[in-house]
Amino acid sequence: MDDQLTLRITLFRESGQVRPEVAAFVTDELDALAAEGHTITEDTAGMFTSHLMMALTRLVDGEPIEQFPTDDAVVAELADHPEAVERARAISARSAQVLGATLPESEINFLSLHLAVLAQHI
């Protein structure tokens, strides 16, 4: 993880926008992706990082996350990236176990799209 992405996480945590345990969880997930050979930088994973931290914080805080239908373009894109969908589901399962926060299907789809893009940077 590069310094800019580390700074992003630090700023979210220190400003109170995300809970410390959520920042730690997301950092662990990014470290696992890096260990698998993904390039984890501000450019490649910044949006994924922010999205995941904010979604998990809302869930941990008991706030609802709006569900929305997945359009055909997203479904088609995800069909070409089953490994990204599998990884997003695994992240959701771990977040349920560690944080008590299960991501809804629409969030899993968004994370899958981020992970599909990230996979291009191996």
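Each remark here, short or long, concerns the structure printed above.
Please read these numbers as outputs of a predicted model, since none were measured by experiment. (Residues numbered from 1 in each chain as written. Predicted model: local features only at pLDDT ≥ 70, side-chain atom pairs only at ≥ 80, totals over all residues. Heavy atoms only, no water.)

K.L.:
Please give an account of the environment of F12 that cites residues and values.
P.N.:
Within the fold, F12 resides in helix α1 (residues 3–14). A C-alpha to C-alpha distance of 8.4 Å links F12 and M53, two positions 41 residues apart in sequence. (Helix = DSSP H or I, 4+ residues; strand = E, 2+ residues; numbered from the N terminus.)

K.L.:
Go over the nonpolar core, please, and point to the residues and values.
P.N.:
Generally speaking, soluble globular proteins have nonpolar side chains that are buried together. Membership of the largest hydrophobic core comes to 29 residues, with the highest contact counts inside it found for V26, L30, F48, L52, L56 and L115. For this core, the elements supplying multiple residues, two or more each, are α1, α2 (20–35), α3 (42–60), α5 (82–99) and α6 (105–119). Residue contacts for V26: discarding those within four places in its chain leaves T49, L52, M53 and L56. (Core = buried A, V, L, I, M, F, W, Y, C linked by side-chain atoms within 4.5 Å. Buried < 20%, exposed > 50% of the residue type's maximum accessible area, 1.4 Å probe, protein only. Contact = heavy atoms within 4.5 Å.)

K.L.:
Go over α6 with me, naming the residues and quoting the values.
P.N.:
Across its 15 residues, α6 extends 21 Å between first and last C-alpha, which sits within 8% of the 21 Å expected from 1.5 Å per residue. Within α6, burial applies to S106, E107, I108, N109, L111, S112, L115, A116 and L118. (Expected span 1.5 Å × (residues − 1).)

K.L.:
Before we move on, can you summarise α3 with the specific residues and values?
P.N.:
Burial in α3 covers these residues: E42, T44, A45, G46, F48, T49, S50, L52, M53, A55, L56 and T57. Following α3 by one or two positions, G62 adopts a phi angle in the positive range, close to 80°.

K.L.:
Lay out the packing of α3 against α6 in plain terms, naming residues and giving numbers.
P.N.:
Two measures define how a pair of helices packs: the angle their axes make with one another and the distance between the axes. As a packed pair, α3 and α6 sit with axes 9 Å apart at the nearest point and diverge in direction by 160°. Considering their axes alone, α3 and α6 lie roughly antiparallel with respect to each other. For the element pair α3 and α6, the recorded crossing hand is left-handed. Along the contact surface, α3 presents T44, A45, M47, F48, H51, L52, A55 and R58, while α6 presents E107, F110, L111, H114, L115 and L118. Grouping the constituent residues of the contact of α3 with α6 by class yields nine nonpolar, three polar and two charged. (Axes fitted to C-alpha atoms, helices over the stretch in contact; angles between N-to-C directions. Parallel < 35°, antiparallel > 145°, perpendicular 65-115°, else oblique. Left-handed = near helix turned anticlockwise from the far one by under 90°. Nonpolar A, V, L, I, M, F, W, Y, C, P; charged D, E, K, R; others polar.)

K.L.:
Which residues make up the side chain of S95, and what are the values?
P.N.:
Structurally, S95 is set in helix α5. Not counting residues within four places of it along the chain, the set of residues in contact with S95 comprises F25, L56, G100, A101 and L103.

K.L.:
Kindly report on the pattern of salt bridges, identifying the contributing residues and their values.
P.N.:
Counted by the stated rule, this structure contains six salt bridges. A salt bridge links R19 to E21; the nearest nitrogen and oxygen atoms lie 3.2 Å apart. Classification of R19 as partly exposed rests on a relative accessible area of 32%. Looking at E21, the relative accessible area reads 35%, which means it is partly exposed. A salt bridge links R87 to E36; its shortest N-O distance comes to 2.7 Å. Of this pair, R87 sits in helix α5 while E36 sits in the loop between α2 and α3, placing them 51 residues apart in sequence. (Salt bridge = Lys/Arg side-chain N within 4 Å of Asp/Glu carboxyl O.)

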